[in-house]
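# Coordinate inspection notes
Take a look at the letters that make up each chain.
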Amino acid sequence: MDAGCPNCGYQNPLGARFCSSCGAQLVERAVSEEATMIHDPAPAADAVDISAEELADMPEGTIGMFVVRQGPKKGSRIALDSDEVSIGRHPESDIFLDDVTVSRRHAVVTRAGNGFHVSDAGSLNGTYVNQSRVETAALNDGDEVQVGKFKLVYLALANRI
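All of these numbers come straight from a predicted model, not from anything done at the bench. (Residues numbered from 1 in each chain as written. Predicted model: local features only at pLDDT ≥ 70, side-chain atom pairs only at ≥ 80, totals over all residues. Heavy atoms only, no water.)

### Quick look at the overall build of the protein chain
Keep this limit in mind: Under the DSSP-based scheme used, a helix requires at least four consecutive residues in state H or I and a strand at least two consecutive residues in state E, with every element numbered from the N terminus. Partly exposed describes any residue whose relative accessible area lies between the buried limit of under 20% and the exposed limit of over 50%, with all areas from a 1.4 Å probe on protein chains only and scaled to the type maximum. The contact definition used throughout considers only heavy atoms, calling two residues in contact when any of these lie within 4.5 Å.
A tally of regular secondary structure across the protein chain gives one helix and 15 strands. Classification of the 161 residues of the protein chain by burial places 40% in the buried group. Once local pairs closer than 6 in sequence are excluded, the contacts in the protein chain between residues at least 24 apart make up 34%.

Right under this line is the structure:
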C-alpha cells in the first residue's frame, strides 16, 4: 500500500522516509492498525538564532548566512560573504556538501542588492525553498533551502542587527 505525500500528493511506498517526487521528509505514525505517512514540519524560522558575538565574528560585508538545520554538519554557520556562492558535492564548491543526494554542481546563491537568490544548477534531485522545488527564488529571512538531504536556514543578517 502506498502513502500520499502531504506536500505534493505523490504516492510513495509505505515505509519511505522521503518523498520520491518533492523530497519532503515523511514520518510514519500509527493510526489504529494502519500506518499513515505525514509530513514532519520544519521548526519555526525563529528557532534558529544567532548571537551578537557570532555576528561580530562574521567577515566584513557579510549580509547573509546559512545555518545547517539537517545533515552531517548540523548547527554549522556558513557566511555568505561573496557575490556568488556555489553549493555542491564538487570539492571546489564554496559550500561543499559531501553526500550522494547532492549533485557535483547543485545550486548557486547570488547576491541581489541587500539579499540573495538561490538557483538550481541543473541538479538531479532539485533545489527546494520552503519545501517547494525552485529553479530560482529570492531568499527571505528564515527560509529553508534543501539541497539533497541537507537543510539550510537562510538568515538575513541586516534584519538581525
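### What to know about the pattern of salt bridges
For clarity, the threshold we go by: Salt bridge, as used here: a side-chain nitrogen of Lys or Arg that lies within 4 Å of a carboxyl oxygen of Asp or Glu.
Summed over the entire model, instances satisfying the criterion amount to three salt bridges. Across the pair D99 and K149 runs a salt bridge, and its minimum N-O distance is 3.2 Å. With D99 in the loop between β8 (95-96) and β9 (107-112) and K149 in the loop between β14 (144-147) and β15 (150-156), this residue pair connects regions lying 50 residues apart in the sequence. K149 gets classed as partly exposed once you look at its relative accessible area, which sits at 34%.

### What about the pairing of strand β7 (residues 84-88)?
What counts, and what does not: Pairs of strands are assigned from DSSP output, requiring at least two bridges between the strands.
The pairing of β7 with β9 spans four bridges and is classified as antiparallel. Across the sheet, residue S86 finds its bridge partner in β9, namely V108. Relative to β8, β7 is paired through two bridges, and the arrangement is parallel. Of the residues in β8, the one forming a bridge with I87 is I95.

### Some details on the environment of S82
So the rule is basically this: We define a polar contact as two N or O atoms separated by no more than 3.5 Å, with the added condition that, inside protein, one atom must be a possible hydrogen donor and the other a possible acceptor, whereas residues neighbouring each other in sequence contribute only through side-chain atom pairs.
Assignment of secondary structure puts S82 in the loop between β6 (77-80) and β7. For the pair S82 and R111, spaced 29 residues apart in sequence, the C-alpha to C-alpha distance is 7.5 Å. Polar contacts involving the side chain of S82 include one to the main-chain carbonyl oxygen of E84, which spans 3.1 Å.

### Describing the sheet that holds strand β11 (residues 127-129)
Rule in force here: Think of each axis as a best-fit line through the C-alpha atoms, taken over the contacting stretch in the case of a helix, with angles from 0 to 180 degrees between the N-to-C directions.
An order of β6-β5-β15-β14-β11-β12 is seen for the six strands of this open sheet, with the pairing classed as antiparallel. The open sheet has two free edges, formed respectively by β6 and β12 (132-134), since each of these has just one partner strand. Looking at each pair of strands side by side, their axes are set apart by 30 degrees on average, direction ignored. Relative to β15, β14 is paired through four bridges, and the arrangement is antiparallel. Note that in β15 the partner of E144 across the bridge is V153.

### Topic: the side chain of D99
Given a relative accessible area of 14%, D99 falls into the buried group. Among the polar contacts listed, one links the side chain of D99 to the side chain of K149, at a separation of 3.2 Å.

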